[in-house]
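# Structural overview for review
Each chain is listed here by its residues.
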Amino acid sequence: MGALPWSSLAQIPPWELDAFARTLVAVSFFAIGLAILMPLLREHQWANGMGLATAVIFLSTGVRSAWMAYDLFQEGPAADALRSLTGTWDAALDLVTAIAGLYYWTLRRGFGHYVRGAKLFEDMRERQRQALEIHDNIVQGLTVALMALDLDEPERARESLDETMVAAKRIISSRLGPDRKIPVFDSDLRRTSTPPPLGSQP
Amino acid sequence: MKILRRVLLVDDTPGVRTVLRMALMRLGDFDVVGEAGDGETAMEMARRLRPDVILLDLAMPTMGGLEVLPRLREWLPESRIVVLSGFIANGAGERALKLGADLYLEKGQPARHIVDSITALFEWADPPVR
């Protein structure tokens, strides 16, 4: 009983299996490429080279697979040669690629919130936002304090340092504190890097 | 009689503008004729005031410094444009110079150094090479 489907499968010419696999690859990879590209375009992330390159890899692989599947169904000596050169291993490899593409979509459905808009790129945007927050709150405040000291304005420097300290505490608390969705463990605050030697600059 | 160079300050943090104004007017021969807190206001004021120097921040609301810079350079080829920013490691300096800035200075440097660097832009006989 169980051997029947396999024996039927074995009677299918490898090029037909390969054409089927390539069609699946084309659909799944093109869809993955669009799923990565669309959020980047929506958020105007033109400078996100890594995201755009990943999208282009998937899209071009999808187009190429569709093209090759199409070629397998053409008439003429070139298409005959292509069909005769397509072996079982070609079909098997393309089936593995197709399965990987389809598996990606099952994962994406199951963990949609993790891959929404391609999580990697959202992380990059979040890091950019955090860097600007530090610039606006810390670097600007320290700039004012340093220049005020140069201009012999200690009160202004002190005021700016106080404001910078408040901003720094707020930024740190927002990363570690009430907004955190998971419990804080004692070991969470263990440093993994050596603190800079404050005051050691000449 | 001293010739005071006319300066437009562009930074979204009022405190930064205040200490820059104090530094330029106390330590150098500059007169701050205008201040802007965002890119669009900076462009409007630059066209109207035609300052000798534009001190430009990069991270600002409405339009960032790198967006504003090429237009300022086109409109005011004689003005010295100095970018003063806290970004150091992401190529912002090279980008700013490529877009037409005469000088890129990092925030946090001594006030005297900032003022002297801007003054030096006017000591050259020819416009600075970009």
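A brief look at the structure comes next. (Residues numbered from 1 in each chain as written. Chains lettered and ligands numbered in written order. Predicted model: local features only at pLDDT ≥ 70, side-chain atom pairs only at ≥ 80, totals over all residues. Heavy atoms only, no water.)

## What about the sheet that holds strand 5 (residues 103-106) of chain B?
All names here are of chain B. Spatial ordering of the open sheet is given by 2-1-3-4-5, a layout of five strands whose pairing is parallel. Both edges of this open sheet fall to strand 2 (30-36) and strand 5, since each of them pairs with a single strand only. Averaged over all pairs of adjacent strands, the angle between strand axes in this sheet comes to 25°, irrespective of strand direction. Note: strand 3 (residues 53-56) against strand 4 (residues 80-85), four bridges, orientation parallel. Bridge pairing links Leu-55 to Val-82 in strand 4. Together, strand 2, strand 3, strand 4 and strand 5 form the strand contacts of helix 5 (residues 111-120), whose direction differs from that of strand 5 by roughly 180°. (Pairing = 2+ DSSP bridges. Helix = DSSP H or I, 4+ residues; strand = E, 2+ residues; numbered from the N terminus. Axes fitted to C-alpha atoms, helices over the stretch in contact; angles between N-to-C directions. Contact = heavy atoms within 4.5 Å.)

## Some remarks on the packing of aromatic side chains
Enumeration according to the criterion identifies three aromatic pairs over all chains in this entry. For the pair Trp-15 of chain A and Phe-73 of chain A, a centre-to-centre distance of 5.4 Å together with 75° between the ring planes defines the contact as edge-to-face. Of this pair, Trp-15 of chain A sits in helix 2 (residues 14-42) while Phe-73 of chain A sits in the loop between helix 3 (49-72) and helix 4 (77-85), and the two are 58 residues apart along the sequence. Relative accessible area serves as the criterion here: at 18%, Trp-15 of chain A is assigned to the buried category. On the numbers, 5.4 Å between centres and 50° between planes, the contact of Phe-29 of chain A with Phe-58 of chain A is tilted. Here Phe-29 of chain A, found in helix 2, pairs with Phe-58 of chain A, found in helix 3; they are 29 residues apart in sequence, far enough to count as distant. Judged by relative accessible area, which is 22%, Phe-58 of chain A ranks as partly exposed. Across the ring face of Trp-15 of chain A, the terminal group of Arg-83 of chain A is positioned such that the distance to the ring centre comes to 5.3 Å. A cation over a ring is seen here: Arg-80 of chain B above Phe-122 of chain B, with NZ or CZ 4.9 Å from the ring centre. (Phe/Tyr/Trp six-rings, centres within 6.5 Å; stacked < 30°, edge-to-face > 60°. Buried < 20%, exposed > 50% of the residue type's maximum accessible area, 1.4 Å probe, protein only. Lys NZ or Arg CZ within 6 Å of the ring centre and 35° of its normal.)

## Digging into the packing of helix 1 (residues 14-27) of chain B against helix 5 of chain B
Each packed pair of helices is defined by two parameters, the angle between the axes and the distance between the axes. All names here are of chain B. At their nearest, the axes of helix 1 and helix 5 sit 10 Å apart, and the two run at 65° to each other. The two elements helix 1 and helix 5 meet at a crossing, and its hand is right-handed. In contact with Ala-23, Leu-24 and Leu-27 of helix 1, helix 5 contributes Ala-111, Arg-112, Val-115 and Ile-118. Looking at side-chain class alone, the contact of helix 1 with helix 5 contains six nonpolar, no polar and one charged residues. (Left-handed = near helix turned anticlockwise from the far one by under 90°. Nonpolar A, V, L, I, M, F, W, Y, C, P; charged D, E, K, R; others polar.)

## Some thoughts on the environment of Gly-65 of chain B
All names here are of chain B. Secondary-structure assignment places Gly-65 in helix 3 (residues 65-75). Along the backbone, Gly-65 and Asp-38 are 27 residues apart, and their C-alpha atoms lie at a distance of 8.7 Å. Residues in contact with Gly-65, not counting those within four places in the same chain, are Leu-56, Asp-57, Leu-58 and Met-60.

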